[in-house]
Amino acid sequence: MISVCINCGEYHEDKIINMADSLAICPNCNYEHHIKMLPLYVITGASGTGKSTMCYHLMKRQTEYLALECDILWRKEFNQPDNDYYDYRNMWLRVAMNVQQSDKPVILCGTSTPSSYEKVTFVRYFSSIHYLALVCDDETLTARLKARPAFRQAGNDEFIANMLAYNQWYKDNSDTSDFDMTLLDTSNLSVDESIDHVLAWLRANN
């Protein structure tokens, strides 16, 4: 859908985008395809800050947005840290781009550093990207990770240290980031309170 031109049949991820008129233009035949260009919302943060919980409850609490847990499509072939997981990010934006053609904005819930999505081809199909980084205090994050089932391998010292550092990165960079990134500290919030904050953030960035 969209990447395949309905006029000439050629496949192009990198169509020319006319944002003012919401057009994707085939670089092969110049056919103009009307598209819906909506904001993309990304809920990110270190493991243990509440991303998966947030995604689950967002699906229950509202119908304005489609919340998707990014881990559901993960495969070992996507483990490409050297290129910042380009294929994985691009695949998810392709999914989100197609979903938004039904006039429903997408929320991607999963770990990603701001700039990850801006590097991929399909980013051109969104009007903007807004990041909400979930954070918490070190004691809370450590306790949450240690409480996870053993199969998740989240309770060892190395993993916890990495997540604490990642959690701190968001705190240190929220004001200096070149991207639209908001922090939400989930340390002392109930699930319902957290969802209320997320919904307010979403609606403020429509």
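First things first, this report covers the structure right here in the doc. Only a predicted model underlies this, so the values are computations on that prediction, with no experimental measurement involved. (Residues numbered from 1 in each chain as written. Predicted model: local features only at pLDDT ≥ 70, side-chain atom pairs only at ≥ 80, totals over all residues. Heavy atoms only, no water.)

Counted according to the given criterion, the structure contains five salt bridges. A salt bridge links Asp-196 to Arg-61, with the shortest nitrogen-to-oxygen separation between them at 2.6 Å. A residue pair is termed long-range when its members are at least 10 positions apart, and Asp-196 in helix 5 (residues 191-204) and Arg-61 in helix 1 (residues 51-61) qualify at 135 residues. Judged by relative accessible area, Arg-61 falls into the partly exposed class, the value being 36%. Between Lys-119 and Asp-84 there is a salt bridge; the shortest N-O distance is 3.3 Å. (Salt bridge = Lys/Arg side-chain N within 4 Å of Asp/Glu carboxyl O. Helix = DSSP H or I, 4+ residues; strand = E, 2+ residues; numbered from the N terminus. Buried < 20%, exposed > 50% of the residue type's maximum accessible area, 1.4 Å probe, protein only.)

For Tyr-85, which is not glycine, the phi dihedral falls at a positive 60°. Summarising the element assignment, Tyr-85 is placed in the loop between strand 5 (66-69) and helix 2 (86-99). Residue classification places Tyr-85 among the partly exposed residues on the basis of a relative accessible area of 24%. With phi around 105°, Ser-115 is a residue other than glycine that occupies positive phi space. Note on placement: Ser-115 falls in the loop between strand 6 (106-109) and strand 7 (128-135). Taking relative accessible area as the criterion, Ser-115 reaches 18% and is therefore assigned buried.

Further remarks concern the packing of aromatic side chains. In the structure shown here, the tally under the stated rule is nine aromatic pairs. The interplanar angle of 50° and the centroid separation of 5.0 Å between the aromatic rings of Phe-78 and Tyr-88 together place this pair among those described as tilted. With Phe-78 in the loop between strand 5 and helix 2 and Tyr-88 in helix 2, the pair connects residues that are ten residues apart, well separated along the chain. Exposure class is identical for Phe-78 and Tyr-88. Each is buried. Considering the side-chain rings of Trp-169 and Tyr-170, the 5.2 Å spacing of their centres and the 85° angle between planes classify their relative orientation as edge-to-face. Overall, Trp-169 belongs to the partly exposed group, its relative accessible area being 31%. The class of Tyr-170 is buried, set by a relative accessible area of 0%. (Phe/Tyr/Trp six-rings, centres within 6.5 Å; stacked < 30°, edge-to-face > 60°.)

Geometric descriptors of this kind do not, in isolation, establish any biological role.
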